[in-house]
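Per-entry structural report
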Amino acid sequence: MTRRTSVAGKRVLVTGAARGIGKATSAELARRGARVSLVGLEPKLLADNAAELGPQHMFVEADVTDQAQLDAAVAATVEQFGGIDVVLANAGIANLGTVRTADPDAFAKTVEVNLIGVYRTVAAAVPHLTKQHGYVLVISSSAAFAPMPGGAAYGASKAGAESLASTLRLELAQYGVAVGSAHPGWIDTDIVRGPERSLPSFAKARGQMPWPLNTTMPVEECASLLADAIERRSQRVYIPGGIRLISMLRPLSLSGVGTRLFARRNGADLRQLDRENEALGATWR
């Protein structure tokens, strides 16, 4: 087992820190003694979150699709904290819809935030991480290896994030920087609750998935496991642990047999998803 080191005193930059996993993990890291720079797009929420954590923490408004804004957020963090030890590349969005009804621009935006935004975040921070022999944790997803029809944009972006983390791990090891990828399943956040309210077919499909893909974890529990992963400088973390089994079964889901089984089982639900999106007038996102 990897040796665990306390995050107390560590300087952590978290993207997507206004809500959900980013907010909860920032709070958990602060509780363990880290100093946290909360980065995101909603300044009022970020300010409130930082104020709740205490005066030793900070927030910066920045869009992960804008390199200049990310560079400025990193510079502001370094100016106030004196450096960066850990980056949690968490910012992410999702949309649902098949290629028949999904907006191609929404697909592109999801990839831009969830994949390219991770690259931009690490690129901005890496000069400072190398000085500290730091750690990067990329938030991928169980969707990286469990294709969900209707979720192509999210799955593709998260598979890309997993591959990116694996490559960055090799590139940065020579500088003493460790890189990990996290693979949460369904976490109780807006990104899950929103489509469940808007798209009944999505809620139905979720309930019919096999364990552990049919369960939802409280965001605070997810945050605790992510903080553990940061303390261990983990290479991979599955949340919950049963997601590891889904990863191991990836070859089956991509096989000819798996494709036929998924197509037969999901056909009617996907047609219903198309109808729901058409009724809404736009893909949920």
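These remarks concern the structure in this document. (Residues numbered from 1 in each chain as written. Predicted model: local features only at pLDDT ≥ 70, side-chain atom pairs only at ≥ 80, totals over all residues. Heavy atoms only, no water.)

A short note on the side chain of Asp-85
- Checked against the element boundaries, Asp-85 lands in the loop between α3 (67-81) and β4 (86-89).
- Taking relative accessible area as the criterion, Asp-85 reaches 8% and is therefore assigned buried.
- The contact partners of Asp-85, leaving out residues within four places of it in the chain, are Gly-9, Lys-10, Arg-11, Leu-129, Gln-132, Gly-134 and Tyr-135. (Helix = DSSP H or I, 4+ residues; strand = E, 2+ residues; numbered from the N terminus. Buried < 20%, exposed > 50% of the residue type's maximum accessible area, 1.4 Å probe, protein only. Contact = heavy atoms within 4.5 Å.)

Notes on the sheet that holds β4
- Within the open sheet, the 7 strands sit side by side as β3-β2-β1-β4-β5-β6-β9. Their pairing is parallel. This sheet does not close on itself; its edge strands, each paired only once, are β3 (58-61) and β9 (236-239). Sheet twist, expressed as the average angle between the axes of neighbouring strands with direction ignored, equals 15 degrees.
- Of the strand pairs in this sheet, strand β1 (residues 11-15) and strand β2 (residues 35-40) are connected by 5 bridges, and their pairing is parallel. Residue Val-14 lies in a different strand from β2, and its bridge partner there is Leu-38.
- Of the strands in this sheet, β1, β4 and β5 (135-139) are in contact with helix α4 (residues 104-132), which crosses β4 at around 170 degrees. (Pairing = 2+ DSSP bridges. Axes fitted to C-alpha atoms, helices over the stretch in contact; angles between N-to-C directions.)

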